[in-house]
Amino acid sequence: MGKIANEVLIQKLADKFPGQITELNQDYGLLSVETSRDKITDVLSYLKTDSELKFTFLTDITAVHYPEQEKQIGVIYHLHSLTTNTRIRIKVFLSADDVHIPTATTLWDGANWMERETYDFYGVIFDGHPDLRRILNVDDMTVFPMRKEFPLEDPNRIDKKDYFFGR
């Protein structure tokens, strides 16, 4: 079986989840689609168990912070079909004041540490996760360091002043 065309993937998802999947782009041939928090478990389960698609390998779960958007937190899933050598990216966008999403550990055991890392750095709460706690940062940390909520540099540093650079 050869690589599955993006058009076939889009059609199969649209047939299975009418009005619940939005195509975002196909940058560099990688199909990116968006769905809702309520449908993510069903979409992931379908992609994994469909006899033609067979997206059995969860490559990654991560997040992105878009402070300028209404729904600021994007939870990103990367799946790979080892049978057809096809990849897909699924995105779910959440508002910053409600960062709950169902866990994928019910489908892949490997989602455990990926979700812990995403929680640790972005504050996404994976409902139903068996042990959701920080994995890389200190336990008593009160912020999520990958969110774009803090200035990148200390404004009080004098070595960065314009007059040092002839400006």
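As a reminder, the structure under discussion sits directly above these lines.
Residues numbered from 1 in each chain as written. Predicted model: local features only at pLDDT ≥ 70, side-chain atom pairs only at ≥ 80, totals over all residues. Heavy atoms only, no water.

Asks: Please set out the sheet that holds strand β3 (residues 57-65) residue by residue, giving values where relevant.
Replies: One key point about sheets: their strands pair by backbone hydrogen bonds, in either a parallel or an antiparallel sense. One open sheet accounts for 5 strands, arranged β1-β2-β5-β4-β3; its pairing is mixed. Both outer strands of the open sheet, β1 (22-25) and β3, are each paired with one neighbouring strand and no more. Averaged over neighbouring strand pairs, the angle between their axes works out to 25° when direction is ignored. As paired strands, β3 and strand β4 (residues 73-81) are joined by 8 bridges and run antiparallel to one another. Residue pairing in the sheet places His65 in a bridge with Ile73 of β4. Helix α1 (residues 6-16) rests against β1, β2 (31-34) and β5 (86-94) of the sheet, and its axis sits at about 20° to β2. With respect to the sheet, helix α2 (residues 40-49) is in contact with β4 and β5, its orientation differing from that of β5 by roughly 175°. (Pairing = 2+ DSSP bridges. Helix = DSSP H or I, 4+ residues; strand = E, 2+ residues; numbered from the N terminus. Axes fitted to C-alpha atoms, helices over the stretch in contact; angles between N-to-C directions. Contact = heavy atoms within 4.5 Å.)

Asks: Lay out the pattern of salt bridges with the relevant residues and their values.
Replies: One side chain can pair with another of opposite charge once the charged atoms of both are near each other. Considering all chains together, one arrives at 6 salt bridges under this definition. Arg134 is paired through a salt bridge with Asp120; the nearest N and O atoms lie 2.6 Å apart. Of the two residues, Arg134 is situated in the segment after β7 (125-127) and Asp120 in helix α3 (residues 111-122); the sequence distance between them amounts to 14 residues. Across the pair, exposure class does not vary: Arg134 and Asp120 are buried alike. Here Asp131 and Arg133 are joined by a salt bridge, their closest N and O atoms 2.9 Å apart. For Arg133, a relative accessible area of 43% translates into the label partly exposed. (Salt bridge = Lys/Arg side-chain N within 4 Å of Asp/Glu carboxyl O. Buried < 20%, exposed > 50% of the residue type's maximum accessible area, 1.4 Å probe, protein only.)

Asks: How would you explain the pairing of β5 if you had to name every residue and give the values?
Replies: Looking down a regular strand, the side chains alternate between one sheet face and the other. Burial within β5 is extensive, with 7 of its 9 residues counted as buried. Pairing of β2 with β5 involves 4 bridges; the strand directions are parallel. Bridging across to β5, Leu31 finds its partner in Ile88. When β4 meets β5, the two strands line up antiparallel, connected through 9 bridges. Among the inter-strand pairings, His80 is bridged to a residue of β5, identified as Arg87.

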